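# Results of the structural survey
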Amino acid sequence: MSKPWSGRFSEETDEFVEEFTESISFDKELAPEDIKQNIAHVKTLFKAGVITEEERDKLIEGLESIRKELKEGKVSWKRELEDVHMNIEALLTKKLGKVGGKLHTGRSRNDQVTTDERLFLKKEIREILNLLKRLRVSLIKLAESSLDILLPAYTHLQRAQPIRLSHYFLAYREMFLKDSERFSDAYRRFDELTLGSGAVAGVDFPLDRFFTASELGFNKLTRNSMYATADRDFIAEFLFCCATAGMHLSRLSEDLILWASEEFNYVELPDKLCTGSSIMPQKKNPDVLELIRGKTGRLYGNLINLLTLLKALPMAYNRDLQEDKEPAFDSLRTLKGSLVGMIKVLEGLEVKPQSMRKNAGNFVLITDVANYLAQKGMPFREAHEVAGKIVAYLIEKGKRLEDMSLEEFKAFSELFDEGVLELLKPEKIADRRKTFGGTSKDEVLRIIETAKREEGI
Ligand code: ARG
């Protein structure tokens, strides 16, 4: 089959080269955007007086019928035609004859491909934002139902201080909120029309780029044709956003995997999301969570892949840039899958309040014993020392903090009184953390209300 660029060539393309250089096997995913872009371009060509009204209508009609065939799965792609752009143009020419050849006037695949990609990523980001929101809503619901469940917060994976479980879920909600902000911010930045930049230097037909932008729903225009055709930072940013969201999902997965273990026994994962072992009958494996954690590697890899592709790439377009698509497609598929998986896990999560509470006492409460002395006037460093001695004493006695008598306390400091015995309950201690963003009940409730308002639920 002759190529759209065959004019200057006297030899057929080598079979291997055809296979090595094609992108249709993956960029066919951009076909809906390519058709959309073609239609806008045809309208712009008409507006510029480059094609007649009749030609415009014919071209649009032809493109609409390709769109329909695409939806019906009737389009067959040809590897010899390299990529989605040349395939669609060839389909159009086959339908319409010579006039199809007017489609590519005033355009290059270099500005065409990034227009498709920007349109495509805008659509995908909207989907990802929806999923992130659903995930946050699941976290807020869990926060609402777990207000009175106390557990130790961990630092260094050692029991640290008592918190309300709601506080934990809301922590992840904050992270996923920032992820949405990051995606929206990237979206705003790359919401620019590149079409009308030509191969590298701009276009010598009087194309009204503002018109094309409004036809395609772009907010702005790129301001430099070299930048427009050479830039893939917008994909790198997208991949960074995916990698960060994936990292958050991975951390949450890790917590839940630990919590579902017999050692923690804090949560029960829904059976339908776990798998068994072919050899050990007792096993209930948290595979969905493990794979969410594992797939984060791909998300990082795709980001590094693209950054490496861009490094030292001379201005402006180079064919290397064709390699930008697979990492982007892979990351968005991976992230969307992981988000759906995590939403399902959270919706089916069963919390075990007793096991959590069991671990929320004893030394988890000791920081507040030191604080208690500090509030009575002892310098905090000294109070810390006294509390440390109490820990050593209890370890030696094999006793829990809650079982200490007032006399025992008094032996460590005269500043202790009845109040210290009152203090030694996880909820009491959690509720003392009244600072903005702390784990006291009032503060957690306030944040739940704020979160619901922000999500519109
Ligand atoms: N398939 C190509 C890509 O994805 C389209 C642009 C081709 N441009 C060119 N000058 N060969 O980058």
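## Notes on the overall build of the protein
Across its full length, the protein carries 19 helices and six strands. For 457 residues, the compact-globule formula gives about 23 Å, and the C-alpha radius of gyration of the protein, at 31 Å, lies well above that figure. Its C-alpha atoms put the protein at 100 × 55 × 40 Å along the principal axes. Counting all 457 residues of the protein, 50% fall into the buried class. Of the contacts formed within the protein by residues at least 6 apart in sequence, a portion of 76% connects residues at least 24 apart. In the form shown here, the protein has an accessible surface area of approximately 22,700 Å², with 53% of it arising from carbon and sulfur atoms.

## Quick look at the site of the ligand
Around the ligand lies a shell formed by Ser23, Asp83, His85, Arg109, Asn110, Val113, Tyr317, Gln322 and Lys325. The separation between an oxygen atom of the ligand and a polar side-chain atom of Tyr317 is 2.4 Å. A distance of 2.9 Å is found between a nitrogen atom of the ligand and a side-chain nitrogen or oxygen belonging to Gln322. For the ligand, whose accessible area on its own is 340 Å², the fraction buried by protein is 86%. A total of three residues in the shell around the ligand trace back to one element, the largest contributor, which is helix α6 (residues 109-145). When grouped by side-chain class, the residues that make up the shell around the ligand number two nonpolar, four polar and three charged.

## Describing the pattern of salt bridges
Applying the stated criterion to the full structure yields 51 salt bridges. Among the salt bridges present, the one from Glu192 reaches Arg118, with a minimum N-O distance of 3.9 Å. On the criterion of sequence distance, the pair formed by Glu192 in strand β3 (residues 192-193) and Arg118 in helix α6 is long-range, its members being 74 residues apart. For Arg189, the salt bridge identified is with Glu237, shortest N-O distance 2.6 Å. Taken together, the positions of Arg189 in helix α7 (residues 165-190) and Glu237 in helix α10 (residues 233-260) put the pair 48 residues apart, joining distant regions of the chain. Exposure remark for Arg189: the relative accessible area of 42% places this residue in the partly exposed category.

## A word on the pairing of strand β1 (residues 150-155)
Of the strand pairs in this sheet, β1 and strand β2 (residues 158-164) are connected by six bridges, and their pairing is antiparallel. Within β2, the position partnered with Pro152 by the bridge is Pro162. As consecutive antiparallel partners, β1 and β2 are separated by two residues, and within that stretch His156 has a phi angle of approximately 55 degrees, a positive value.

Cut-offs used in this document
Residues numbered from 1 in each chain as written. Predicted model: local features only at pLDDT ≥ 70, side-chain atom pairs only at ≥ 80, totals over all residues. Heavy atoms only, no water. Helix = DSSP H or I, 4+ residues; strand = E, 2+ residues; numbered from the N terminus. Rg over C-alpha atoms; globule rule 2.2 N^0.38 Å. Buried < 20%, exposed > 50% of the residue type's maximum accessible area, 1.4 Å probe, protein only. Contact = heavy atoms within 4.5 Å. Areas by Shrake-Rupley, 256 points an atom, 1.4 Å probe, with all protein chains shown as cover. Near = heavy atom within 4 Å. Polar contact = N/O pair within 3.5 Å; in protein donor to acceptor, adjacent residues only side chain to side chain. Nonpolar A, V, L, I, M, F, W, Y, C, P; charged D, E, K, R; others polar. Salt bridge = Lys/Arg side-chain N within 4 Å of Asp/Glu carboxyl O. Pairing = 2+ DSSP bridges.

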